[in-house]
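The primary structure of each chain is shown beneath.
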Amino acid sequence: MSRLGLPVPPGFTVSTEACRTFLTTGEEPAGLSAEISRYLSALETTTGRLLGQPDDPLLVSVRSGARFSMPGMMETVLDIGLNDESVLGLAKVSGSERFAWDSYRRLVQMYGTTVMGVDPALFDEAMTLLKAARDASDDLRLDAGDLAWLVETYKRLIRDEAGRDFPQSPAEQLHEAILAVFRSWNAERARLYRRREHIPDDLGTAVTVQRMVFGNLGPDSGSGVAFTRDPATGRPGLYGDYLPNAQGEDVVSGVRDAVALAELEHLDPVSYRRLRDHAQTLERHYRDLCDIEFTIERGTLWMLQTRVGKRTAEAAFAIAAELVEEGLISADEGLARVSGDGLARLMFPRFDSAATGEPLAHGVPASPGAAVGAAVFDSAEAVRRAATGEKVVLVREETTPDDLPGMVAAQAVLTGRGGKTSHAAVVARGMGKVCVCGAQDIAVNGGARRFTTRDGTVIEEGTVVSVDGSAGVVYLGPVPLVASAAMRYLESGEQADSVVCAVGRALDHADAVRRLEVRANADTPEDAARARRFGAQGIGLCRTEHMFLGERRKLVEDMIVARTDTDRDQALAALLPLQRKDFTGLLRAMDGLPVTIRLLDPPLHEFLPERTGLAVRIAAIEAAGGQPEPHDVELLDAVNRMHEENPMLGLRGVRLGLVVPGLVTMQVRAIAEAVVERTRAGGSPQAEIMVPLVGAVEELRLAHEEVTRVLAEVGGETGVTVRCPVGTMIELPRAALTAGRIAEEAEFFSFGTNDLTQTTWGFSRDDVEAAFFSAYLDKGVFAASPFETLDREGVGRLVRIAVEEGRAAHPGLETGVCGEHGGDPESIHFFHATGLDYVSCSPFRVPVARLEAGRATL
Ligand code: PEP
Ligand code: MG
């Protein structure tokens, strides 16, 4: 900003490198003190005053500044340089004793908590008691004498709690404050924030030391936060909050209610105009939405900080489209600025406006979306309840960075105070959490764990509320949900608003540039049709076991318990027409596009009743002298026969096909007959047959032979040539490691990264996430669950090996992925880089995958 010629208070920056050295070695880098002194001297020369000079002190702020914005997570110390002497000098030169003592009490308080580790609540308590004694509704009503008394009280507190005095030496204050900001990189909340936002832990923070400018010098002064566009909707125009006679942290913490920035136009039109011009300069320079912290000191505007601003998903799409339109950025850059996660958020349902009823409260619509949950009143309770699976809404008078764990755990955040730029709003937007803040018509009583609405309704902890972050409204009880505008657009092309049009443009551009195809995992014609509307280019995985459930279960049981070949053939023959109908429907819905049908995968006992329950029921009947049903006895016998300690590693996948006579034959016949039916109906069926859980080429060879035989048989019977490519899933390490051999028998590979992750790590995919993943995430073993985001180093290496060796042995071999990772943005970028041909994911993830496949090419 200095280089752009904007008014920035002079100062200097200590680099992240110094921070990293300090954090890794525990020692400050050699020469740091000397360098700080040198730059401080230069600053003193520029400003013509010495730090803490008794008659006219130079005061400085010490702020964190990391590569990625981490709003409020690290420390700031303001007013460094004040002590018992210089406070008197400041009072004289500023002409305001109140201002001087207010600044001093802020320093003692911030320094006490940040540098000396005193519990902030103790300072708040002293302030609250004083305000009560003076009958003052806010701190502005305290006079110089009150504030001087508060300084003494705070200093005593520090002595009692920290066992040391608040230091009077300005140089010591500066030095210690810089180290404290370094240390705050590793504060619990900062670590948690980084983990959530996937920010590396080893970057460290820079520290900026800057001459203080004062927003608390009287009514012609103030502090504010501005956005160059509305960060919630993306609408152009200066936007933000302003707080007269206050320092910056008052705005962000929501200690007092700020006014809308538009008010500043009346309060101080000259500063407002300047701010608007500077905002434009910044937006043109960064070619993006910027957020700005500024202070007005007795009518002079100072720009303190700017960065590319956090925004909602709506705003991200709207701003990107607009900047592309304005020619400020290219279509590629526009695509880079939106994300699949953001699109997924826009696809979430909204409240049904016809069913909302009377609102409980209104506030600022700070972060959009609809969320329902039980009201809870502190971060710990939110975490505790969420861990049991309960959905909660965190209700606070105002949030502080220490509320971060509760915000992460909650569905939504509701605060009684603070504007769109308050901590709660900024953090919630960054996380995509629903947030309504500054709901002034409720009184939050955190201690009593309840809030009260204007008409006297009391909402106790545990009461379910619905929070509409788009409209800024809260309702009692659960409100039903309806499809969002983005979802309606994806389903039907309805262009309800400009955000939806922006989504359409981003998707069109992604489709134009992406190389990866996107298919869907779908097992029913309805899912297939929806996936196709969402842009799927085929089905990458039809899990046929899903067709064996419901009322067909009895037929499957008959097949499993069959004692003779005839009984089994009869059971399979009963399943055949049903399967054929399933496949015909799928091929119709995806006519002309590939439909990859996987032969039965899971262990058969999954289709049988639960063992203990059945055994107990039979035993109870026998104990009562009764005769159990013969079918139940047969079932129990089968369940016992098939019981496996580790069914995931047992008789499943291709192994089933090889040992259960007639199973592959029936499924392949059903597929082939469906192809014939669709061909005769004039369609263009593109069925592909996929063999699961292959570990050795011999397994695939045997299965392949049977498939070829049945296809030829059906072709002979019907006179219609049935050509279905036959491929395999690669979901065992052995398959990946012998991919060159397996490729001799396969026309395509589809990576089953769920099983591949399970078998590579030796983690049970059904158990471990609940069992110990949260501990592993805390300990940093991995940054995200490997079942959600592909582990590139291990599982990814196997994928790379298999692609390379498979293609070397079988040029042109088609490769795709159909595990859950196929819909995960980060994993999609890896699959693009690895050269796969397609990703396949659940229908609702298809638009997300299209967008990310496009972004992967940038
Ligand atoms: C996989 O293992 O990744 C896969 C797609 O198959 P399933 O999830 O059905 O085991
Ligand atoms: Mg699998």
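From a predicted model like this one, the values you see are computed outputs, not experimental measurements.

**Some details on the overall build of the protein**
Move 1: Counting its regular elements, the protein contains 34 helices and 30 strands.
Move 2: Taking the principal axes of its C-alpha atoms as reference, the protein extends roughly 105 × 70 × 55 Å.
Move 3: Across the 858 residues in the protein, those meeting the buried criterion constitute 50%.
Move 4: In the protein, the share of contacts with a sequence separation of at least 24, taken over all contacts with a separation of at least 6, comes to 69%.

**What to know about the site of ligand 1**
Move 1: Near ligand 1 you find Leu541, Arg543, Asp601, Glu731, Gly752, Thr753, Asn754, Asp755, Cys818 and Gly819, and these make up its full shell.
Move 2: The set of elements that each furnish at least two residues to the shell around ligand 1 consists of strand 24 (539-543) and helix 30 (753-761).
Move 3: With three residues, the top contributor of residues to the shell around ligand 1 is helix 30.
Move 4: Grouping the amino acids of the shell around ligand 1 by side-chain chemistry returns two nonpolar, four polar and four charged.

**Describing the sheet that holds strand 4 (residues 205-211)**
Whenever strands of a sheet pair, they do so through backbone hydrogen bonds, lying parallel or antiparallel.
Move 1: Read across the open sheet, the four strands follow the order 1-4-2-3; overall the sheet is antiparallel. Edge strands, defined here as strands with exactly one partner in the open sheet, are strand 1 (11-14) and strand 3 (76-80). Ignoring strand direction, the axes of neighbouring strands in this sheet form an average angle of 20°.
Move 2: One ladder, built from three bridges, connects strand 2 (residues 60-66) with strand 3; its direction is antiparallel. Note that in strand 3 the partner of Val62 across the bridge is Val77.

**What about helix 22 (residues 565-589)?**
Move 1: Here helix 22 is 25 residues long and its end C-alpha atoms lie 36 Å apart, about the 36 Å a rise of 1.5 Å per residue gives.
Move 2: Leu576 marks where helix 22 bends most, by close to 25°; the proline Pro577 follows one to four residues later.
Move 3: For helix 22, the complete set of buried residues consists of Arg568, Ala571, Leu572, Leu575, Gln579, Arg580, Asp582, Phe583, Thr584, Leu586, Leu587 and Ala589.
Move 4: Structurally, helix 22 contributes buried residues whose contacts are with helix 20 (525-533), strand 24, helix 21 (553-561), strand 25 (594-598), helix 26 (663-680) and strand 26 (686-691).

**Some thoughts on the sheet that holds strand 18 (residues 450-453)**
Move 1: One open sheet accounts for three strands, arranged 17-18-19; its pairing is antiparallel. The open sheet has two edge strands with one neighbour each: strand 17 (442-445) and strand 19 (458-460). Each adjacent strand pair in this sheet contributes to an overall mean axis angle of 20°, direction not counted.
Move 2: Across four bridges, the pairing between strand 17 and strand 18 is antiparallel. Directly across from Val444, in strand 18, lies its bridge partner Phe451.

**Here we look at helix 8 (residues 188-197)**
Move 1: Along helix 8, the residues classified as buried are Arg189, Ala190, Tyr193 and Arg194. Down the axis, helix 8 shows its buried residues gathered within 135° of arc, on one side only.
Move 2: The secondary structure elements touched by the buried residues of helix 8 are helix 7 (170-184) and helix 16 (404-409).
Move 3: Positive phi appears at His198, one or two residues downstream of helix 8, with a value of about 55°.

**So, the UniProt feature "binding site: substrate" (unreviewed entry) in the protein**
Move 1: The feature "binding site: substrate" (unreviewed entry), as annotated in UniProt, sits at Arg543, Arg598, Glu731, Gly752, Thr753, Asn754 and Asp755 in this numbering.
Move 2: As for its position among the elements, Arg543 is in strand 24.
Move 3: Given 17 C-beta atoms within a 10 Å radius, Arg543 is considered partly exposed.
Move 4: Not counting chain neighbours up to four residues away, the residues in contact with Arg543 comprise Asp523, Arg598 and Asp601.
Move 5: Considering the arrangement of structural elements, one finds Asp755 in helix 30.
Move 6: The exposure class assigned to Asp755 is buried, which follows from the 22 C-beta atoms found within 10 Å.
Move 7: The contact partners of Asp755, leaving out residues within four places of it in the chain, are Leu693, Glu731 and Leu732.

Definitions and limits used
Residues numbered from 1 in each chain as written. Chains lettered and ligands numbered in written order. Predicted model: local features only at pLDDT ≥ 70, side-chain atom pairs only at ≥ 80, totals over all residues. Helix = DSSP H or I, 4+ residues; strand = E, 2+ residues; numbered from the N terminus. Buried ≥ 20, exposed ≤ 12 C-beta atoms within 10 Å, placed from the backbone. Contact = placed C-beta atoms within 7 Å. Near = placed C-beta within 6 Å. Nonpolar A, V, L, I, M, F, W, Y, C, P; charged D, E, K, R; others polar. Pairing = 2+ DSSP bridges. Axes fitted to C-alpha atoms, helices over the stretch in contact; angles between N-to-C directions. Expected span 1.5 Å × (residues − 1). Bend = angle between axes of the 7 residues up to and from the residue. Arc of directions from axis to C-beta. UniProt positions renumbered as here; feature names shortened; annotations may be inferred.

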